[in-house]
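# Analysis of the macromolecular model
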Amino acid sequence: MRPSRRVLATLAGTGLLFSAACAQPISAAAFSLSGCQLTLTSFDADGTEIDSAIGGSPDATQQDPLRVSWGGEVRWTREGSPGSTGNRSWHVDIFGLPTMLRGTDSAAESDVVEVGGGMPFRFTGLFYVSGRISGPDLSCSGSGWVRVLGDPLSTLPFTMGLSMLLIGLVLLAVGARGRWLPAVLGGAVVGMGAAILSVIYATVPMGEATPAVLTASGIVIGVAAGWHGSRQRAAS
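Residues numbered from 1 in each chain as written. Predicted model: local features only at pLDDT ≥ 70, side-chain atom pairs only at ≥ 80, totals over all residues. Heavy atoms only, no water.

The subject of this paragraph is the packing of helix 3 (residues 180-200) against helix 4 (residues 210-235). Contact pair helix 3 / helix 4: the axes reach a minimum separation of 7 Å and the direction vectors enclose 155°. Considered as vectors, helix 3 and helix 4 are oriented roughly antiparallel to each other. The handedness of the crossing between helix 3 and helix 4 is right-handed. Contact residues: Trp-180, Ala-183, Val-184, Gly-187, Ala-188, Gly-191, Met-192, Ala-194, Ala-195, Ser-198 and Val-199 in helix 3; Thr-210, Pro-211, Leu-214, Thr-215, Gly-218, Ile-219, Gly-222, Val-223, Ala-225, Gly-226, Trp-227 and Ser-230 in helix 4. (Axes fitted to C-alpha atoms, helices over the stretch in contact; angles between N-to-C directions. Helix = DSSP H or I, 4+ residues; strand = E, 2+ residues; numbered from the N terminus. Parallel < 35°, antiparallel > 145°, perpendicular 65-115°, else oblique. Left-handed = near helix turned anticlockwise from the far one by under 90°. Contact = heavy atoms within 4.5 Å.)

Spatially, four strands are ordered 3-2-5-8 in an open sheet, and the strand pairing comes out antiparallel. Of all strands in the sheet, those bounded by a partner on one side alone are strand 3 (49-54) and strand 8 (110-114). Put simply, the sheet's adjacent strands are angled 15° from each other on average, direction ignored. Inspection of the sheet shows strand 5 (residues 73-79) paired to strand 8 by five bridges, in the antiparallel sense. (Pairing = 2+ DSSP bridges.)

Turning our eyes to something else, we now look at the environment of Ser-154. Looking at the secondary structure, you find Ser-154 in the loop between strand 10 (139-148) and helix 2 (156-175). Each C-alpha atom of the pair Ser-154 and Arg-122 lies 8.6 Å from the other, and the pair is 32 residues apart in sequence. In terms of polar contacts, Ser-154 uses its side chain to reach the side chain of Arg-122, at 3.3 Å. (Polar contact = N/O pair within 3.5 Å; in protein donor to acceptor, adjacent residues only side chain to side chain.)

This paragraph deals with the packing of aromatic side chains. Tallied over the full model, the rule gives six aromatic pairs. Their ring planes at 75° and their centres at 6.0 Å tell us that Phe-95 and Trp-145 sit as a pair that is edge-to-face. One end of the pair, Phe-95, is in the loop between strand 6 (88-94) and strand 7 (97-105); the other, Trp-145, is in strand 10, with 50 residues separating them in the sequence. Across this residue pair, the class does not change: Phe-95 and Trp-145 are buried. On the numbers, 5.3 Å between centres and 55° between planes, the contact of Tyr-128 with Trp-145 is tilted. Here Tyr-128, found in strand 9 (residues 125-134), pairs with Trp-145, found in strand 10; they are 17 residues apart in sequence, far enough to count as distant. Each residue in the set Trp-70, Phe-95, Phe-123, Phe-127, Tyr-128 and Trp-145 is aromatic and connected to the rest through ring pairs, giving one cluster. Seen from the ring of Phe-43, Arg-75 lies directly overhead, with NZ or CZ sitting 3.9 Å from the centre. (Phe/Tyr/Trp six-rings, centres within 6.5 Å; stacked < 30°, edge-to-face > 60°. Buried < 20%, exposed > 50% of the residue type's maximum accessible area, 1.4 Å probe, protein only. Lys NZ or Arg CZ within 6 Å of the ring centre and 35° of its normal.)

Here is the structure:
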């Protein structure tokens, strides 16, 4: 095997081993809720029902996510919470990361959410969604999986993910010649690009940990590339 191929194989193997060590079992739990009961129903842009999920049932799992359509809507109904005149705060996270989906309501027990409403670009993919509603009379938290239907090729995230992969590989090639900063930065960019493509193509083998594991694996590959390059430069 040529030295260059041996290096690439070693770096790839390092990343794969790190991914395997960090991987968590694929989440198969039911649509979990604590403190309340929630019913979700999704509709496409024409008002045709697509899917539904009920808290505590085997719905919205990674294997059977709640399917939603861009431009459609999700209608939700909350039950099992006492009435109140006080406001409740709520927030939604995606893969454990905070989003702009947060605010307060006036003890509303049902509402309609537009899929993609207010977003500057369209996206598709499989997402792990969690959230919480809290107030003087209620503390409700839950999580589940949502699949945004559509063709990833026509979306901005696909272009971003692919571009990050290519740019990251170039930086890794530079870093493999003994430059630590391009190596580590390139690894991180490759990892983030791979995470974006993994999500939009609904391939998340490590469950909700997939984006973090792929990004961390890229950084490990970058460190390995920088280490290899520095040894090569020292030996020359």
